Amino acid sequence: MQGRDGRLDGWKSIARYLGRDRSTVIRWTNDRALPVHSLPGGKSRTVYALQSELDAWMRNKTAGTADDLAAPLAAPEVLIDPKADAGRTTAVPATVPATKVAAWPRGYRWLTLGAAGLVGVFIVAAGLLMLALNGRAAGNDPALPAALEARLLDARDDIASRSAVRLDKAIADLRRLTGEARNHAGVHAALAEGYLLAREFGTLPDPYALKRARHEAELALARNPRSAVALRVVGVVAYWNDHQPDAAGEAFRRAIAADPEDALAHHWYANILADNGEFRPAFREFAAARQRSPGAPHLLADYAWALWSAGREVQAERLLNDIARRSPMLASAHDCLSVIAFARGDLKGYAHHLKLRASIRGAPELVSYAALIERTGTQDARATYAAMASRALAQAETASNSDHSWPAFVASTFGDRAQLYALLSRARARGEKWGAAGYVRRIAARWSSDPQITALLRTLSQPKIEA
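Now for a description of the structure that goes with this document. Throughout this document, residue positions are counted from 1 along each chain, in the order its sequence is written. Residue-level local features of this predicted model are given only where pLDDT is at least 70; pairs of side-chain atoms are given and counted only at 80 or more, and the full residue set underlies all totals for whole chains, interfaces and linings. Think of the side-chain values as coming from all heavy atoms in the structure, minus any hydrogens and water.

1. Here's the deal with the overall build of the protein
A helix here means a DSSP run of H or I that spans at least four residues, while a strand means a run of E at least two residues long, and both kinds are numbered starting from the N terminus. Per the secondary structure count, the protein includes 22 helices and 3 strands. Residue contacts are counted whenever heavy atoms from the two residues lie within 4.5 Å of one another. Sequence-distant contacts, at least 24 apart, represent 66% of the contacts inside the protein between residues at least 6 apart. Accessible area of the protein: about 19800 Å², with a carbon and sulfur share of 54%. To measure how exposed things are, a 1.4 Å probe is used in the Shrake-Rupley method; for residues, cover is taken only from the protein chains shown.

So this is what it looks like as structure tokens:
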């Protein structure tokens, strides 16, 4: 529960804000001086934390160096009882039906989106409307002294590298620059992009990274309402975190109008269109991005993923393998390849690419999970399913804007109809709306003769981004 002045009451609220499980947050409090406060009185310990203090703790990298970050994100074996009332969960054994691995269907990777809700669509839409009504032309930032300009350019180079180490360096440098170059939209926009990429290519947890990215983007837009960089950051957060495709589409279209030559605006817009199953406009935007940034490995990896999502699987996997050979440190290519392997029943291949992705990212929790999958992946399919299902469900359940599309896809791929039905029912009860076109298409194909699964999937469809 979130109180006034950014106060978070109880371990559950604090854990959700940090994107971790309750036991890890308690250990951080005891061992790493996480700023959690106790209230006197009562037999049990009543605790609260202030968002500002948690943010400062994260900025100081305390969490990033904690050894116990390697612990699982949440307790294992907590699955949903399909007979339970909507909105409740019960602990039931994780089981795998007697289904041959060779019969598992192809599927679609999970984009790590479990993040604390930040601001609703009304605030996003209203903010964009106010900026549009403002009517100001794209203002030019005040000229920076040569030394500060050089530091800004260096930081943007570090961000473009998508290296975890260089992203951390860029964020630290840009934070200092915001104090030295006040009211400079370009500095805030670059910092917003750095935070955004650090959740995918670096080690920052989603809730913190997305909150900071949105904050810096809004500061940039307050100074320059036509900042293409800031607008596309707003679009990413609106789609992947807030699950608001309309607001996201509006932000991306404004970004492209502000700077038609911004390759990332076209690229990231293509990503959300593809995720939403709008493949024709998605490939239009990918073409625009590739014209402006030919050969960019991260762009080609996402383009390949869109191909695979649309069913062009052979072409997609060939391209991804080529990217992985030419750019072996690109984590997203191995992310795609790991799930492609999983979807066709190749647990050894899944474990292999997951381990490569984890070693590139260096995120302790991901490294721990990859090691667990490597131990179980070639020996016990039931243990692998239990590990995957537990982690997927924990991540979905700790996000205030929950999205159960990935745990549903895991259950479907392993042939667990009861668990799939429970997850779809829970998602409907929570009012979830999914993009995840690759997940949904493959779940629908596998269970096409099951009217209950098919009907539930239809209720989870979200609106189109483009008419």
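2. Points about the layout of surface pockets
For the second largest pocket, the calculated volume is near 600 Å³. Taken together, 27 residues line the second largest pocket, and the ones lying closest to its centre are Arg-156, Ala-189, Val-229, Arg-232 and Asp-262. Those elements giving two or more residues to the lining of the second largest pocket turn out to be helix 5 (146-161), helix 7 (185-201) and helix 9 (228-241). It is helix 5 that contributes the most residues to the lining of the second largest pocket, 6 residues altogether. Each residue is assigned to one of three groups, with Ala, Val, Leu, Ile, Met, Phe, Trp, Tyr, Cys and Pro labelled nonpolar, Asp, Glu, Lys and Arg labelled charged, and all others, Gly among them, labelled polar. Looking at side-chain class alone, the lining of the second largest pocket contains 13 nonpolar, 5 polar and 9 charged residues. The definitions used throughout rest on a 1 Å grid laid over the protein atoms alone, on which a cavity is an enclosed set of points accommodating a 1.4 Å probe that cannot get out and a pocket is an open set flanked by protein within 12 Å on both sides along at least five of seven lines; lining residues are those having an atom within 4 Å of a point. Grid points are joined across faces, edges and corners, and a volume is the space filled by probe spheres set on the points.

3. Describing the nonpolar core
Burial of nonpolar side chains together is a common tendency in soluble globular proteins. Side-chain atoms within 4.5 Å link the members of a nonpolar core, which is a set of buried Ala, Val, Leu, Ile, Met, Phe, Trp, Tyr and Cys residues. Partly exposed residues are those whose accessible area sits between 20% and 50% of the maximum for their type, while under 20% is buried and over 50% is exposed, using a 1.4 Å probe and protein chains only. Ranked by size, the top nonpolar core spans 133 residues in total, and within it Ile-14, Leu-18, Leu-174, Phe-342, Met-388, Trp-406 and Leu-424 carry the most contacts. The biggest single contributor to this core is helix 7, with 11 residues.

4. Describing the packing of helix 16 (residues 347-361) against helix 17 (residues 364-376)
Think of each axis as a best-fit line through the C-alpha atoms, taken over the contacting stretch in the case of a helix, with angles from 0 to 180 degrees between the N-to-C directions. Between helix 16 and helix 17, whose axes approach to 9 Å, the crossing angle comes to 160°. By the angle between their axes, helix 16 is roughly antiparallel relative to helix 17. For the crossing formed where helix 16 meets helix 17, the hand is left-handed. Taken together, the residues of helix 17 that come into contact with helix 16 (itself represented by Tyr-350, Ala-351, Leu-354, Lys-355, Arg-357, Ala-358 and Arg-361) are Leu-366, Val-367, Tyr-369, Ala-370, Ile-373 and Glu-374. Residues that form the contact of helix 16 with helix 17 fall into these classes: 9 nonpolar, no polar and 4 charged. Should an angle fall under 35 degrees it is called roughly parallel, over 145 degrees roughly antiparallel, and 65 to 115 degrees roughly perpendicular, with every other angle called oblique. Crossings are sorted by hand: turned counterclockwise from the far helix by less than a right angle, the near helix makes the crossing left-handed, and turned clockwise it makes it right-handed.

5. Things to note about the packing of aromatic side chains
Stacked, edge-to-face and tilted labels apply to pairs of Phe, Tyr and Trp rings (six-membered ring for Trp) whose centres lie within 6.5 Å, assigned for plane angles under 30 degrees, over 60, and everything in between, in that order. All chains considered together, the criterion is met by 16 aromatic pairs. With a centroid separation of 5.6 Å and an interplanar angle of 50°, the aromatic rings of Phe-342 and Tyr-350 are classed as tilted. Judged on exposure class, the residue Phe-342 and its partner Tyr-350 are both buried. Taken together, a centroid distance of 5.2 Å and an interplanar angle of 25° make the contact between Phe-409 and Tyr-439 stacked. With Phe-409 in helix 19 (residues 405-413) and Tyr-439 in helix 21 (residues 437-446), this residue pair connects regions lying 30 residues apart in the sequence. This pair shows no difference in class: Phe-409 is buried, exactly as Tyr-439 is. Each member of the aromatic cluster is reached from another via a ring pair, and the members are Phe-342, Tyr-350, Tyr-385, Trp-406, Phe-409, Phe-414 and Tyr-439. Sitting above the plane of the Phe-283 ring, Arg-312 keeps its charged end 5.4 Å from the centroid. Cation placement over rings: the criterion is NZ of Lys or CZ of Arg within 6 Å of the ring centroid and within 35° of the ring normal.

6. Here's the deal with the environment of Thr-459
Locating Thr-459 in the fold gives a position in helix 22 (residues 451-459). Spatially, the C-alpha atoms of Thr-459 and Arg-428 are 6.8 Å apart, while their sequence positions differ by 31 residues. Excluding its chain neighbours within four sequence positions, the residues that come into contact with Thr-459 are Arg-428, Glu-432 and Lys-433.

7. Let's talk about helix 14 (residues 313-326)
With 14 residues, helix 14 extends 20 Å from end C-alpha to end C-alpha; this agrees with the ideal 20 Å at 1.5 Å per step. All buried positions along helix 14 are accounted for by Glu-313, Ala-316, Glu-317, Leu-320, Ile-323 and Ala-324. Relative to the axis of helix 14, the buried residues are bounded by an arc of 125° and lie together on one face. Counted as exposed and oriented over 90 degrees from the buried face of helix 14: Val-314, Arg-318 and Arg-325. For helix 14, the elements touching its buried residues are helix 13 (297-309), helix 15 (331-343) and helix 21. A helix is expected to span 1.5 Å multiplied by its residue count minus one. By definition, the arc is the one covered by directions from the helix axis to the C-beta atoms.

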